[in-house]
Amino acid sequence: MFQPRCRRALPPLLALGALLLAGCGDEAVPAELQVAGGDAARGRLAIAAHGCGACHVIPGIEGAVAWVGPPLMEWARRSYVGGRLPNAPENLVAFLQNPQAVSPGSAMPALPLQQSEAVDIAAYLYTLGQAPAVPPGQPLAPGEAGTLPEPRLRPRLDRPAQ
Ligand code: HEC
């Protein structure tokens, strides 16, 4: 009869698989950052369609490597939206729909977003930062830093991982 040789390796492998799955789904987003009715997969498409990557570094979005505005990586770990309001789903949705109303004088343009698109985009942004893929303090990967030649470091983890 066939005896698998690596039976002892199976439980850790299963645990790793569960961890990876959790990292991909909405389960990883804590309750207070869940966006009611938001769909992260649709949000990702909306971010690409509206060209947010022309101004922001956004992990998971092809070509989103610009440093005109602040990088949106590890968004779920930010404390504030636009430097004004606590980083919470309703505040992020309001900012995306009308940045100047939340942060007067903001250089972020008001883009023609439907309410449902803003909600989906917020859902996507909150999937960023739940599980930092690369240890903090490491240089960004090629392409992640945009066109600037100097190396940039990932932000330090000042708060314990959630
Ligand atoms: C023309 C450039 C430009 C485009 C296009 C743009 N942004 Fe911005 N964005 C900015 C700038 C500049 C800021 C910083 C101003 C501020 O925080 O008020 C900003 C701020 C933000 C913030 C708050 C960042 C923080 O640290 O608080 C979020 C979130 C954001 N943008 C998301 C988006 C999304 C999503 C899109 C696409 C729908 C988008 N932006 C399109 C320039 C842009």
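Cut-offs used in this document
- Starting from 1, residues in each chain are numbered consecutively following that chain's sequence as written.
- With the structure being a predicted model, the display of local features is reserved for residues of pLDDT at least 70 and the display and counting of side-chain atom pairs for 80 or more, all residues being used for whole-chain, interface and lining totals.
- With hydrogens and water set aside, each side-chain value is computed from the structure's full complement of heavy atoms.
- In this listing, donors mean N, O and S atoms no farther than 2.8 Å from the metal, or 3.2 Å for Na, K and Ca; water is missing from the atoms, so a site can look incomplete.
- Angular criteria define each label, namely tetrahedral for four donors with all angles between 85 and 135 degrees, square planar for four and octahedral for six donors with opposite donors over 155 degrees apart and remaining angles between 65 and 115, and irregular for whatever fails these tests.
- By the criteria applied, helices consist of DSSP H or I runs no shorter than four residues and strands consist of E runs no shorter than two, each listed in order from the N terminus.
- Think of it in three bands: with a 1.4 Å probe and only protein chains considered, a residue is buried below 20% of the maximum accessible area for its type, exposed above 50%, and partly exposed in between.
- Known as pLDDT, the predictor's per-residue confidence is scaled from 0 to 100.
- We call two residues contacting when some pair of their heavy atoms lies within 4.5 Å.
- Proximity is defined per residue: any heavy atom of the residue falling within 4 Å of a molecule or strand makes that residue near it.
- A 3.5 Å cut-off defines polar contacts: any pair of N or O atoms within that distance qualifies, except that in protein one atom must be a possible hydrogen donor and the other a possible acceptor, and neighbouring residues in sequence count only when both atoms are side-chain atoms.
- Only Asp, Glu, Lys and Arg are considered charged in this grouping, and only Ala, Val, Leu, Ile, Met, Phe, Trp, Tyr, Cys and Pro are considered nonpolar; every other residue, Gly among them, is considered polar.

Engineer: So, the coordination of the iron atom of the ligand: which residues are in play, and what are the values?
Structural biologist: Coordination of the iron atom of the ligand by the protein comes from His 56 (NE2) and Met 108 (SD), over a distance range of 2.0 Å. Taken together, the 6 donor atoms coordinating the iron atom of the ligand and their angles of 89 to 178 degrees define a geometry best described as octahedral. In this pair, His 56 is assigned in the loop between α2 (40-50) and β1 (80-81) and Met 108 in the loop between α4 (99-102) and α5 (115-125), connecting sequence segments 52 residues apart. Across the pair, Met 108 and His 56 agree in class, each one buried.

Engineer: So what about the confidence of the model for the chain? Which residues, and what values?
Structural biologist: Here the chain shows a mean pLDDT of 79. Residues at 70 or above account for 63%. When the elements of the chain are averaged for pLDDT, helix α1 (residues 10-24) gives the smallest value, 44, and α5 the largest, 98. This model gives residues 3-7 a pLDDT under 50, and the stretch forms 0 contacts once residues within four places in sequence are excluded. When the criterion is pLDDT under 50, residues 9-27 qualifies, and its contacts beyond four places in sequence or with other chains add up to 5 contacts.

Engineer: Can you break down the environment of Val 68 residue by residue, with the values?
Structural biologist: Of note, Val 68 is situated in the loop between α2 and β1. Between the C-alpha atoms of Val 68 and Val 57, which are 11 residues apart in sequence, the distance is 9.0 Å. Residues contacting Val 68, with those up to four places away along its chain left out, are Ala 54 and Cys 55.

Engineer: Talk me through the site of the ligand; I want residue IDs and the actual numbers.
Structural biologist: Residues in close proximity to the ligand total 21 residues, the closest being Cys 52, Cys 55, His 56, Gly 82 and Met 108. Contacts to the ligand include His 56, whose side-chain N or O atom sits 2.8 Å from a nitrogen atom. Gly 82 places a polar main-chain atom, nitrogen or oxygen, 2.6 Å from an oxygen atom of the ligand. For the shell around the ligand, the secondary structure elements donating two or more residues are β1 and α3 (89-97). The biggest single contributor to the shell around the ligand is α3, with 3 residues. Taken together, the residues of the shell around the ligand sort by class into 15 nonpolar, 5 polar and 1 charged.

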